[in-house]
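This is what each chain is made of:
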Amino acid sequence: MSFINSIPTVKWQVRAFILVFLIDAAVCQIRYSVPEEMRKGSFVGNVAEDLGIDVKRLKSGGARIVSGDSSEYIRLDADKGILVVGERIDREQLCGQTSPCSLNFEMIMMNPMQLHSVVVEVLDVNDNAPVFHEKEVHVEIVESALPGTEILQESATDPDVGINALHGYTLHPTTYFNIKVLSSPNGHKYAQLYLSNALDREKEEKLLLVLTAVDGGEPQRSGTLKIHVTVRDTNDNAPVFTQSNFKASCERECSERNLSVELERDRLQTKG
């Protein structure tokens, strides 16, 4: 009895195997690449030509894109047998820092059934400049600080990837300060500001530095951070007289004093 009940199950497994085999036999993968930010309707690839399928076959087979979340970004123009951009693609919004960034979907046709896998890689363009979290920062440093003293660390972010990502930093001016460009464990670059020459508050109490972050794209993009430095005083100067020698004059006072003495002497003589 159990043998009889198992016959339909065996038949179904065989049919399923045959169906999968037929579908797999018709599967082909094609790959394309397209820069992000392309306008709607921009050409992506000629699927009819690349798959060796007549355009009439695409139409008669009801060719369409299925599966995945790519249908809004990539559209099939069955009349021409090509793929076009359906909506503007923002690579950073779609994939963030993940690279490569790809759209994966299938194109299916019926009578007979054909399933083709399509991969469209979205290429990064340098559409973002490095950005600091703040536009300006204020720091204080005592004028007695020694060269080599670390002042602060700052970093910028750039959502682009590859060569278009954050490349490095520059500082201007470098009269008293300079930077070291370092990398964190995850590879993110940051700038470490340090004192390179001795300060003198009596000469310059306020300093303005401009830290610039640059990417490696073409054309190169950049972002800036203003660093306001206040030099605090230390007791490094003793009181100093304006001149080393002083000369006093008492001509008028001395004359009046001598006259008084003479008058008093004459008075005493007359009295005597």
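Scroll up to find the structure this text is about.
Model, not experiment: these values are computed from the prediction.

Draft legend 1. Up close: the sheet that holds strand β3 (residues 64-66). Taken in spatial order, the 4 strands of this open sheet run β1-β7-β6-β3, and their pairing is mixed. Pairing within the sheet leaves two strands with one partner each, and these edge strands are β1 (28-35) and β3. Within the sheet, the average angular offset between the axes of one strand and its neighbour, ignoring direction, is 35°. In the sheet, β1 pairs with strand β7 (residues 114-123) via 8 bridges, with the strands oriented parallel. Among the inter-strand pairings, I30 is bridged to a residue of β7, identified as V118.

Draft legend 2. Representation of the state of the cysteines within the structure. Taken as a whole and judged by the stated rule, the model has 1 disulfide. The disulfide partner of C95 is C101, and the gap between their sulfur atoms is 1.9 Å. As the torsion about the S-S bond is roughly 65°, the C95-C101 disulfide counts as right-handed.

Draft legend 3. Layout of the sheet that holds strand β14 (residues 189-195). Read from one edge to the other, the open sheet built from 3 strands follows the order β10-β14-β13, with strand pairing classed as antiparallel. If you trace the sheet from one side to the other, it starts and ends with β10 (150-154) and β13 (177-183), each paired once. Each adjacent strand pair in this sheet contributes to an overall mean axis angle of 25°, direction not counted.

Draft legend 4. The arrangement of the packing of aromatic side chains in detail. Summed over all chains, the structure comprises 1 aromatic pair. Residues F132 and Y169 carry aromatic rings whose centres are separated by 6.2 Å and whose planes lie at 50° to one another, so their mutual orientation is tilted. One end of the pair, F132, is in strand β8 (residues 131-132); the other, Y169, is in strand β12 (residues 166-172), with 37 residues separating them in the sequence. Comparing F132 with Y169, the two get one shared label, buried. In this arrangement the basic side chain of K180 is found over the ring face of Y194, its NZ or CZ atom lying 5.4 Å from the centre.

Draft legend 5. Structural context of unusual backbone geometry. The omega angle of the peptide bond from S99 to P100 is 0°, so this bond is cis rather than trans. Along the chain, P100 turns up in the loop between α4 (91-95) and β6 (101-109). The linkage connecting H172 with the following residue, P173, adopts the cis geometry, with an omega of -10°. Residue placement: P173 occurs in the loop between β12 and β13. Despite not being glycine, N111 shows a phi value in the positive range, around 55°. Its place among the elements puts N111 in the loop between β6 and β7.

Draft legend 6. The pattern of salt bridges, seen in detail. Counted under the stated rule, the structure contains 8 salt bridges. Between E37 and R88 there is a salt bridge, and its shortest N-O distance comes to 2.3 Å. Taken together, the residues E37 in the loop between β1 and β2 (43-45) and R88 in the loop between β5 (82-85) and α4 connect sequence positions 51 residues apart. Judged by its relative accessible area of 28%, E37 falls in the partly exposed class. Residue classification places R88 among the partly exposed positions, given a relative accessible area of 47%. E87 is the partner of K40 in a salt bridge, and the nearest nitrogen-oxygen pair spans 3.8 Å. Here the residue K40 occupies a position in the loop between β1 and β2, and E87 occupies one in the loop between β5 and α4, the gap between them amounting to 47 residues. Residue K40 is classed as exposed on the basis of its relative accessible area of 61%. Judged by its relative accessible area of 37%, E87 falls in the partly exposed class. One continuous salt-bridge network, built from bridges that share partners, spans R201, E202, E205 and D233.

Definitions and limits used
- Residues numbered from 1 in each chain as written.
- Predicted model: local features only at pLDDT ≥ 70, side-chain atom pairs only at ≥ 80, totals over all residues.
- Heavy atoms only, no water.
- Pairing = 2+ DSSP bridges.
- Helix = DSSP H or I, 4+ residues; strand = E, 2+ residues; numbered from the N terminus.
- Axes fitted to C-alpha atoms, helices over the stretch in contact; angles between N-to-C directions.
- Disulfide = S-S within 2.5 Å.
- Phe/Tyr/Trp six-rings, centres within 6.5 Å; stacked < 30°, edge-to-face > 60°.
- Buried < 20%, exposed > 50% of the residue type's maximum accessible area, 1.4 Å probe, protein only.
- Lys NZ or Arg CZ within 6 Å of the ring centre and 35° of its normal.
- Salt bridge = Lys/Arg side-chain N within 4 Å of Asp/Glu carboxyl O.

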